[in-house]
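Fold and contact review
Spelled out, the chains give:
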Amino acid sequence: MKVNIIPTKRVAILSAAFCAVMFAFSHNASATRHALPPVISATNAIEGSITFSGGATLDTGNANTAHAVTSFKNTLVQSVSGDFDTFINELDPATFAASWVFDPSTPTSALWTVGGFTFDLLTSTVDARGGGSLTVSGTGTISGNGFDTTVGNWMFTTQNPSANGTFSFSAAGLAVPDGGSAVALLGLALMGVEVLRRKLMAA
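Residues numbered from 1 in each chain as written. Predicted model: local features only at pLDDT ≥ 70, side-chain atom pairs only at ≥ 80, totals over all residues. Heavy atoms only, no water.

1. Some words on the pairing of strand E5 (residues 108-114)
Note: strand E3 (residues 95-96) against E5, two bridges, orientation antiparallel. The partner of Phe-96 across the bridge, within E5, is Trp-112. For E5 and strand E6 (residues 117-130), the ladder comprises four bridges, and the chain directions are antiparallel. Note that in E6 the partner of Thr-108 across the bridge is Leu-121. Once E5 ends, the chain turns through two residues before running back antiparallel as E6, passing Gly-115 with a positive phi of about 55°. (Pairing = 2+ DSSP bridges. Helix = DSSP H or I, 4+ residues; strand = E, 2+ residues; numbered from the N terminus.)

Given below as structure tokens:
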């Protein structure tokens, strides 16, 4: 009977590949311990969207150069869909934070609250500015009314005259599937093991 003995060097390489697989699991297991950005598994996620309008005062008085909203006023719900529709009506008043710095990106707790829902802003990105208009987007989390905290995308737009201008704000709940990062990391690690195995067999 023929016995194939794998050289010590090959054993070491395969062991390293196996450790990569184990790292894929340990990386995912520890990810939820970090506060920002959150890793959220939502089985009762919020689905739907909500839009607002109102007045926004900008720090420089001009959408072309502004870095922050110094105050909001007359903030009302303009439209709702999905889970929001059960708890919120159009033209319901909404409470916005007293101020908000979007450039640089500044997390803001309770950027808006209405109908038992609260939106905590995590990130802000200035997508476009110029010609008297400004568009900012980002991510945040929406919670309330017995739902799981849900990751959401949002967008803020305003235009001159912005010293006392109007704005619109929209947010949509986006549930994040549980374990997605673990599956991706495991797949990559297993692919690496297979490539190493084939190289060793051909050597």
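2. Some details on the nonpolar core
Nonpolar side chains tend toward joint burial in soluble globular proteins. Of all hydrophobic cores here, the largest spans 33 residues; its most connected members are Ile-50, Trp-100, Trp-112, Phe-156 and Phe-169. Among the elements of the structure, strand E1 (48-58), strand E2 (68-80), E5, E6, strand E7 (133-144), strand E8 (147-159) and strand E9 (165-173) are those that each provide at least two residues to this core. Other than its neighbours up to four places away in sequence, Trp-112 contacts Ile-50, Phe-52, Phe-84, Thr-95, Phe-96, Phe-117, Thr-118, Phe-119, Ile-142, Phe-169 and Ala-171. (Core = buried A, V, L, I, M, F, W, Y, C linked by side-chain atoms within 4.5 Å. Buried < 20%, exposed > 50% of the residue type's maximum accessible area, 1.4 Å probe, protein only. Contact = heavy atoms within 4.5 Å.)

3. Quick look at the side chain of Thr-150
You can see Thr-150 is positioned in strand E8. Thr-150 gets classed as buried once you look at its relative accessible area, which sits at 1%. Engagement of the side chain of Thr-150 in a polar contact is seen with the backbone oxygen of Asp-148, the distance being 2.8 Å. (Polar contact = N/O pair within 3.5 Å; in protein donor to acceptor, adjacent residues only side chain to side chain.)

4. Quick word on the sheet that holds E5
Pairing is antiparallel across the open sheet formed by nine strands, whose spatial order is E3-E5-E6-E7-E8-E9-E1-E2-E4. The sheet is open, and its two borders are formed by E3 and strand E4 (100-101), each paired with just one other strand.

5. Concerning the pattern of salt bridges
Here the structure, examined in full by the defined rule, presents one salt bridge. Between Arg-129 and Asp-103 there is a salt bridge; the shortest N-O distance is 3.5 Å. In this pair, Arg-129 is assigned in strand E6 and Asp-103 in the loop between E4 and E5, connecting sequence segments 26 residues apart. Looking at Arg-129, the relative accessible area reads 29%, which means it is partly exposed. (Salt bridge = Lys/Arg side-chain N within 4 Å of Asp/Glu carboxyl O.)

6. Description of unusual backbone geometry
Leave glycine aside and you will find that most residues have negative phi; peptide bonds, for their part, are mostly trans. In this model, Asp-103 is joined to Pro-104 through a cis peptide bond whose omega is 10°. Along the chain, Pro-104 turns up in the loop between E4 and E5.

7. Some remarks on the environment of Ala-66
Tracing the backbone shows Ala-66 in the loop between E1 and E2. What makes Ala-66 buried here is its relative accessible area of 0%. With 37 residues separating them along the chain, Ala-66 and Asp-103 place their C-alpha atoms 8.1 Å apart. Not counting residues within four places of it along the chain, the set of residues in contact with Ala-66 comprises Leu-58, Asp-59, Thr-60, Phe-102 and Arg-129.

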